[in-house]
Structure formats: C-alpha cells, structure tokens
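# Secondary and tertiary structure notes
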Amino acid sequence: MLASRIQRRAFSASARNLSKVAVLGAAGGIGQPLSLLLKLNTRVTELALYDIRGGPGVAADISHVNTKSTVKGYDPTPSGLAEALKGSDIVLIPAGVPRKPGMTRDDLFNTNASIVRDLAKAVAESAPEAKLLIISNPVNSTVPICAEVFKARGVYNPKKLFGVTTLDVVRASRFVSEIKGTDPKDENITVIGGHSGVTIVPLFSQSNHPELSSNAELVNRVQFGGDEVVKAKDGAGSATLSMAFAGARMADALLRAADGEKGVIEPTFVESPLYKDQGIEFFSTNVELGPNGVEKIHPIGNIDANEQKLVEACLGDLKKNIAKGVAFVQENPGN
Ligand SMILES: NC(=O)c1ccc[n+]([C@@H]2O[C@H](COP(=O)([O-])OP(=O)(O)OC[C@H]3O[C@@H](n4cnc5c(N)ncnc54)[C@H](O)[C@@H]3O)[C@@H](O)[C@H]2O)c1
Ligand SMILES: O=C(O)C[C@H](O)C(=O)O
C-alpha cells in the first residue's frame, strides 16, 4: 500500500516537465499580479519577466517569494527579449494599452496591433515551439495578427496559439453564483465566440440554470463586464487583478495538460473549423488541452433560440475583427 503510494508519487514527480513560462508586459497592471500567481504555481520551474520598463524590478521583488521556481527579469532590448523567450514552454502576452471610459476594445487596435505583431515576431524567432497566450486587446484581432506573423515565418502551429477568454468564463460563473446564491466552483458556464461585447456569448442553456438564457440583464453583464471595471477605474485602466487570475488559470490548464492530466477543458479563442465556411477562422468554444496544446475543439453543442440569436450577432462582428488583424499584418509586415 505504502510502497505503491511512494511509487505513484515518484512517478508523478518524474513525469512532471520542467516548465519555463515567460510574461511579456510583466510590469503592467496585469503583468505583475499574473507573474506573482505564476510564481505560486508549483508546475512553473522558471519564470522570465520582460517589459519595456520595469521587468528586472518586478522580477527581483517576486523572486523573494519562497517557492522553488527561479525568476529572472530581462533588459528591454532585443537580446533581452530573445533571452527571456529562449526555451519557454508558455509565453503570455499582456503587453499593450488598456481602455479608458468611452473606448471600445477595437479603439486599442492602432496602438496594440504593432506591439503584439513585434512581440509575436520575437516569439516566432526565439520560441517558435511555445504555447502562446494572447491577453492584449482586441483579442479578436491580436490573435489573427500572431497567426499571420507565424505563418510568414513558416512556424505557425494552430494548436499552440490561444486568445485568453477565460475572464469571460470566470465572470459568468461568478455572476450566476451571485444570482443563485451558489458556490461559483459549481457554476461552470461555457462562453463561446470572441472577447468583446456582442462577440461574447454565454451559453446558460448548457448550465445548471438553463432558464438564465432569457435573463437579458445577465447576458449583457457577461458581454459588457469589462466596461463595468473600466468605468469604476475611471481612467486608470481596465481589469487587471481578475484578469491575472484568469490568465493564471489558463496557463495552469496548459501546464496540467502538459503533465499528462486528461480531460482538461477550457473555452479559448483558437483557429477553429466551426465557422470556417463563413470565413471565420478563429472562434472560442470548449477546447480540450493536451501536451501539444489544442487536443480537441468541441462543437458549440445544443443551444436555445435566445443563444442562436446571440451567435448570429457575434459572427458578423467577429468576422470583421479577424479580417482587420489579418489585413494589418499583410499591409504592415514591419521589419
Ligand atoms: N483578454 C482579456 O480578457 C483582457 C482583460 C484585461 C485586459 N486586457 C488587455 O491587456 C492589455 C494590458 O492591460 P494592463 O491593464 O496590464 O495595461 P498596463 O498599461 O497596466 O500594462 C501594460 C504593460 O505592457 C508594457 N508594454 C508596452 N509595450 C510593450 C512591449 N512592446 N513589450 C513589452 N511590454 C510592453 C507596458 O510597459 C506595461 O507595463 C490591454 O490591452 C488590455 O486591454 C485583456
Ligand atoms: O474591458 C477591457 O477592456 C479589458 C478586458 O478585455 C476585460 O474584459 O475586462
């Protein structure tokens, strides 16, 4: 009995991968708490923190947290960025500007598109095998930007590129638990589509509370939850702490899948066959994760008439957002 427990423990320890995780934009509002949460994740063995300002300071601070992983901050130079990326298994990108009240995520495109394009180039050159998690908005466009950059360099692997939509799932679960007086851990809400306004489609008909799909106020709150935070922060940015939590959850899901855990499923914005016939290359649904990233893309499943209308509204906007990202790289390939 004891021997088999020891054997099992020895197996799980030896089966664990060494995992280097890099955060690009690590000194920002999301980057700092995200890096801290990654420092607390025992599956992370090496944490590489890069930012155009403040990376080494954040790294020195976090490195005093007494968990086993090593933490290093890198200089804001091309060679610092390359060093940070080299050997990374997972790269998270929260670099870029956040919204102010009155702005849409698409209003961030002009600034963030080139930031993400240039960081994606560095990832394609220094860590083409890494799983790349894009947080920078507008996610519906920044993910296609990364795909184009990778394609141009012949290193695109659609199984390894993810738009992080986990915050929508986190919010949906929390908002439902507030209405129903339940524990959010028991409220698993699938959210599909993209990550902005009407492209965010919660599927309450598939949850413990199917009747909530007709609760227009709740659906609207999930779709525009980001605006709530932007308004409350009153010019000081958008969601950072809840986003760090969500980003750390997505990274953990990939780390668990890489360690061989089966049945790890998260909704995430990936290249998807589901609406390709309508010219929509990327879509978020539940995705089963494995050691190589995307293992299986789930279909949207049964949805009710309310949700069908939401999906229709989503597809139009999503198609435009994706096309904008693709066109940007084609017209502005950069260096
Ligand atoms: N996907 C989501 O659900 C989600 C949620 C919240 C915020 N966001 C987005 O995340 C992004 C960051 O938000 P924030 O609140 O952390 O902003 P922030 O301004 O606090 O931090 C951004 C950081 O990026 C750094 N940066 C800028 N250009 C860089 C570059 N070329 N290389 C490396 N670092 C660079 C900045 O120095 C800064 O430290 C925004 O675009 C925001 O809209 C996405
Ligand atoms: O709302 C934003 O601009 C940030 C983020 O996308 C969010 O959903 O909170």
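Under an unreviewed UniProt entry, the protein chain has the name Malate dehydrogenase and belongs to Hypocrea virens. Quoted verbatim from the Subunit (unreviewed entry) field of UniProt, the annotation for the protein chain is "Homodimer." Among the UniProt annotations of the protein chain, the heading Sequence similarities (unreviewed entry) holds the following wording: "Belongs to the LDH/MDH superfamily. MDH type 1 family."

### Considerations on the site of ligand 2
Every residue close to ligand 2 is listed here: Arg99, Arg105, Asn137, Leu167, Arg171, His195, Gly226, Ser238 and Ala239. Contacts to ligand 2 include Arg171, whose side-chain N or O atom sits 2.7 Å from an oxygen atom. His195 has a polar side-chain atom sitting 2.6 Å from an oxygen atom of ligand 2. Considered on its own, ligand 2 offers 260 Å² of accessible surface; in the complex 96% of this is hidden by protein. By residue class, the composition of the shell around ligand 2 is two nonpolar, four polar and three charged. Counting contributing residues, the shell around ligand 2 receives three or more from each of domain 1 (5-164) and domain 2 (166-324).

### Side note on the state of the cysteines
Scanning the entire structure with this criterion turns up zero disulfides. The thiol of Cys146 is unpaired, and the distance to the nearest cysteine sulfur, on Cys314, comes to 20 Å. You can call Cys146 buried: its relative accessible area is 0%.

### Observations concerning the domain arrangement of the protein chain
Looking at the assigned domains, one finds that the protein chain contains domain 1 (5-164) and domain 2 (166-324). Its C-alpha centre places domain 1 at a distance of 21 Å from the equivalent point of domain 2. Taken together, the contacts link 40 residues of domain 1 with 45 residues of domain 2. Here domain 1 packs against domain 2, burying approximately 3600 Å² in sum over the two surfaces, 61% of which is carbon and sulfur. On the surface where domain 1 and domain 2 come into contact, there are three salt bridges. The partner of Lys324 in a salt bridge is Asp106, with the nearest N and O atoms 2.9 Å apart. Remark: the boundary between domain 1 and domain 2 carries 16 residue pairs in polar contact (both at pLDDT 80 or more). The leading source of residues in the side of domain 1 that touches domain 2 is helix 6 (residues 139-152), at six residues. For the side of domain 1 that touches domain 2, the per-class residue count stands at 23 nonpolar, eight polar and nine charged.

### Some words on the site of ligand 1
Neighbouring ligand 1 are 29 residues, the closest being Gly29, Ile30, Asp51, Val97 and Asn137. Residue Val164 places a main-chain N or O atom 3.3 Å away from a nitrogen atom belonging to ligand 1. Alone, ligand 1 offers 860 Å² of accessible surface; in the complex the protein occludes 87% of this. For the shell around ligand 1, the residue count by class is 17 nonpolar, 10 polar and two charged. Structurally, the shell around ligand 1 is a two-domain feature, drawing no fewer than three residues from each of domain 1 (5-164) and domain 2 (166-324).

### Remarks on a nonpolar patch on the surface
Together, Leu36, Leu37, Leu40 and Phe245 line one region of the surface with nonpolar side chains, adding up to about 350 Å² of accessible area. The topology assignment puts Phe245 in helix 10 (residues 241-258). With a relative accessible area of 47%, Phe245 lands in the partly exposed category.

### Some words on the nonpolar core
Counting residues in hydrophobic clusters, the biggest one holds 62 residues, and the most contacted among them are Leu24, Leu85, Val91 and Leu132. Here the element with the most residues in this core is helix 11 (residues 305-331); it accounts for nine residues. Here this core spans two domains, since at least three of its residues come from each of domain 1 (5-164) and domain 2 (166-324). Sequence-distant contacts of Val91, that is, excluding residues within four places in its chain, are made with Ala22, Leu24, Leu85, Val123, Ala130, Lys131, Leu132 and Leu133.

Basis of the calculations
In this numbering scheme, every chain counts its residues from 1 along its sequence in written order. The naming scheme follows written order: chains are lettered A onward, ligands numbered 1 onward. pLDDT decides what is reported in this predicted model: residues at 70 or higher carry local features, side-chain atom pairs at 80 or more are listed and counted, and totals for whole chains, interfaces and linings draw on all residues regardless. Remark: hydrogens and water are excluded; side-chain values derive from all non-hydrogen atoms of the structure. UniProt positions are given in the numbering used here, feature names are shortened, and annotations may be inferred rather than shown by experiment. One heavy atom within 4 Å of a molecule or strand is enough for the residue carrying it to be called near that molecule or strand. Polar contacts, as counted here, are pairs of nitrogen or oxygen atoms within 3.5 Å of one another; within protein the pair requires one atom able to donate a hydrogen and one able to accept it, and residues that are adjacent in sequence qualify only if both atoms are side-chain atoms. Residue exposure ignores everything except the shown protein chains as possible cover, and the areas themselves are Shrake-Rupley values with a 1.4 Å probe. Side-chain classes follow a simple rule in which Ala, Val, Leu, Ile, Met, Phe, Trp, Tyr, Cys and Pro form the nonpolar group, Asp, Glu, Lys and Arg form the charged group, and the remainder, Gly included, forms the polar group. Start and end positions for the domains come from either an automated domain assignment or a database one. Disulfides are defined as pairs of cysteine sulfur atoms found within 2.5 Å of each other. The cut-offs for exposure are 20% and 50% of the maximum accessible area for each residue type, with area from a 1.4 Å probe on protein chains only; residues under the lower value are buried, those over the upper are exposed, and the others partly exposed. By the convention used here, residues are in contact when the closest approach between their heavy atoms is within 4.5 Å. Put simply, buried area is the surface a 1.4 Å probe can reach on two separate parts but cannot reach once they are joined, added for both. What counts as a salt bridge is simple: a side-chain nitrogen of Lys or Arg found within 4 Å of a carboxyl oxygen of Asp or Glu. A run of H or I in DSSP counts as a helix once it spans at least four residues, and a run of E counts as a strand once it spans at least two, with each numbered from the N terminus. Residues enter patches when they are more than 30% accessible in relative terms and free of salt bridges; like-charged ones are connected within 9 Å and nonpolar ones (Val, Leu, Ile, Met, Phe, Trp, Tyr) within 5 Å. In this description, a nonpolar core means a group of buried Ala, Val, Leu, Ile, Met, Phe, Trp, Tyr and Cys residues linked to one another through side-chain atoms lying within 4.5 Å.

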